[in-house]
Every structure is written in structure tokens, then in C-alpha cells.
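# Summary of structural features
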There are 2 protein chains.
Amino acid sequence: MDLTSALDFDKASGLVMAIAVDDATGEILMAAWMNQEAFEKTLELGQVVYYSRSRKKLWHKGEESGNTQTVKSIYTDCDGDVVVLRVEQLGGAACHLGKRSCFSRRAENGRWVDVGQQVFDPAEVYKK
Amino acid sequence: MDLTSALDFDKASGLVMAIAVDDATGEILMAAWMNQEAFEKTLELGQVVYYSRSRKKLWHKGEESGNTQTVKSIYTDCDGDVVVLRVEQLGGAACHLGKRSCFSRRAENGRWVDVGQQVFDPAEVYKK
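Scoring rules and cut-offs
- Residues numbered from 1 in each chain as written.
- Chains lettered and ligands numbered in written order.
- Predicted model: local features only at pLDDT ≥ 70, side-chain atom pairs only at ≥ 80, totals over all residues.
- Heavy atoms only, no water.
- Phe/Tyr/Trp six-rings, centres within 6.5 Å; stacked < 30°, edge-to-face > 60°.
- Buried < 20%, exposed > 50% of the residue type's maximum accessible area, 1.4 Å probe, protein only.
- Least-squares fit on C-alpha atoms with pLDDT ≥ 70 in both.
- Contact = heavy atoms within 4.5 Å.
- Salt bridge = Lys/Arg side-chain N within 4 Å of Asp/Glu carboxyl O.
- Helix = DSSP H or I, 4+ residues; strand = E, 2+ residues; numbered from the N terminus.
- Buried area = accessible area lost by both parts, 1.4 Å probe.
- Polar contact = N/O pair within 3.5 Å; in protein donor to acceptor, adjacent residues only side chain to side chain.
- Nonpolar A, V, L, I, M, F, W, Y, C, P; charged D, E, K, R; others polar.
- Pairing = 2+ DSSP bridges.

### Considerations on the packing of aromatic side chains
Residue and element names in this part refer to chain A. For the structure on display, the rule yields three aromatic pairs over all chains. With a centroid separation of 5.2 Å and an interplanar angle of 40°, the aromatic rings of Y50 and W59 are classed as tilted. Overall, W59 belongs to the partly exposed group, its relative accessible area being 22%.

This is the structure:
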């Protein structure tokens, strides 16, 4: 079965969850969504393209910041509704807040504590 | 802000995505969903409780197979709609197919190839 047809886009209204992992360290960088077009564009470009639910369009990660994600390998789970992309994260930061990973808050004693590693200043990168 | 109220359950109809990671190896074991009750039950028990969308009820992972997930640490992302749980996976397998990780299919030359590590025989574990 080809790659796209083995995925189950029906469970989440045409989307699959996409988890980006740093291929070098195994760290989870971010989790977002892909529709079929985003998944196929990702295969075509070799760079990760998500689907933005808020903007309702394809989102070529890093198109603005330059922090694109080069695909190293792709996995899916037993029911095909989530994909894991092992990537090379250009610029060293996946999060729009300039942190290495979006998962920068850790639960400690009943509160979320910021443990993120700041890589860039978002005010500098996203000049408008 | 307390742990639950910082999470955004509204984006996905009362649910957040929950990604379980092997605390010892960093490997992603599975991805499923939690509603607020499942998240709070997870905090209370120190074992992972998901919400099953198909069965529409809480799903204490491993309640049938014995392969529970002991919580080591919990992270959330910048917008609080995904949690990452670093866990100790009892029994060594997270997937109901008896594989170590649910993410056992890798894209190779346009096809999904099974690269999963078989830990147990599901026919033996889920006797009915």
C-alpha cells in the first residue's frame, strides 16, 4: 500500500497528527497537523509541511524564520492516524518562541515550570 | 497557573493529544488522547490514563495487559494542546500488537515497512 493511502485522515476531520523529532538527539521538537496535501508536499519537498488549523492552509515550517525541517525518516503508528518525522532542524529551534522544542514546560509540584532552551530572539527573527 | 487550567482542551473537542515517551531511551511509544478527567486521573495515579475516542471512556493503559505506564515527568507545549509523558513502560511494550512502540512502520521507497520490535504475542496477552 502506498504511503498516503495507509494513513487514516478520517478520524480527525481530514488530518493526522504529525510529531517532529530531532533526528540527532531523539528530542520531540513539536506536534502539529497534516492533511493529505501537506503530507504529500512533505514527501515531495523533503521538508516538513504542516496544515495550519487556525490559518486553514498549508504551512511550510520555517518559510518565514528560515528554520525549516529536513526530513530524515518518517514513521506511522499501528492505526495510521499519527506520523512521526525524524528531522534535521535548521537554525536549532522549532518553536516560534525561539526555543529549541515547543515542549518547554515541565510539571513540577503542581505547576508548569519553563525548562526550555532559548535559541533565538523571536522579535529579531519575525521582523514585520 | 495549575496544571490542568493551563491546558487547552477546546481545540480538539475537549481533548489534548498525549504522547508517551520511554523515559529510559527517549523513544516515542504511542500517541493517544486525554480529556481533563483522564489528565487529572493520570496525576492522581501516577500511571497514564487516556481517553478512548472509540469507546468514549477513560482508558487506564495496561489495565488488561498489565503493561501500565508509570509517569516519570510531564511536559506541555507552547499552546498547551499536547502533553508529552515520559514513562516507564511495564512489560516493555506499549502497542496492543505486542510491539515495543506503536510507531513500527517506516517509510522506505514509497512503502511502509514494518521495523517494529515484537515483545509479546497479543494472542497470549489478550486472552478472551
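### Concerning the relation of the copies chain B and chain A
For the pair chain B and chain A, the superposition axis carries a translation of 0.0 Å, the fit reaches an RMSD of 0.0 Å, and the rotation angle comes to 180°. Interpreted geometrically, this transformation is the action of a two-fold axis. Within chain B, G26 of chain B has its C-alpha nearest the rotation axis, a separation of 3.2 Å. Here 100% of the contact residues of chain B are again contact residues in chain A; the copies associate through an equivalent surface.

### Focus on the pattern of salt bridges
Applying the stated criterion to the full structure yields 20 salt bridges over all chains. Here R100 of chain A ties to E27 of chain A by a salt bridge, and the two come within 3.0 Å at their closest N and O atoms. Here the residue R100 of chain A occupies a position in the loop between β6 (82-89) and β7 (105-108), and E27 of chain A occupies one in the loop between β1 (16-22) and β2 (28-34), the gap between them amounting to 73 residues. Overall, E27 of chain A belongs to the partly exposed group, its relative accessible area being 31%. Of the charged contacts in the structure, one is a salt bridge between D23 of chain B and R86 of chain B, with a shortest N-O distance of 3.0 Å. Highlighted residues: D23 of chain B in the loop between β1 (16-22) and β2 (28-34) and R86 of chain B in strand β6 (residues 82-89), separated in sequence by 63 residues. Connected through salt bridges with shared partners, the residues K11, D79 and D81 of chain A together with R53 of chain B form a single ionic network.

### Examining the interface of chain B and chain A
Of the residues lining the interface, 39 residues belong to chain B; the matching set on chain A comes to 39 residues. For the chain B and chain A pair, buried surface summed over both sides reaches about 3300 Å², with 66% attributable to carbon and sulfur atoms. Considering only the surface of chain B that becomes buried against chain A, F103, R105 and W112 of chain B emerge as the three largest contributors, covering 22% of it. Put simply, chain B and chain A have two salt bridges between them. Joining chain B to chain A, the criterion identifies 14 residue pairs in polar contact (both at pLDDT 80 or more). At the level of elements, β1, β2, β5 (69-76), β6, β7 (105-108) and β8 (111-114) of chain B are the ones that each hand at least two residues to the side of chain B that touches chain A. If one sorts the elements of the side of chain B that touches chain A by residue count, β5 of chain B sits on top with four residues. Broken down by class, the residue content of the side of chain B that touches chain A amounts to 23 nonpolar, seven polar and nine charged. Looking at chain direction, strand β5 (residues 69-76) of chain A and β7 of chain B are connected through two bridges and run antiparallel. When the sheet's bridge partners are listed, Y75 of chain A is paired in β7 of chain B with R106 of chain B.

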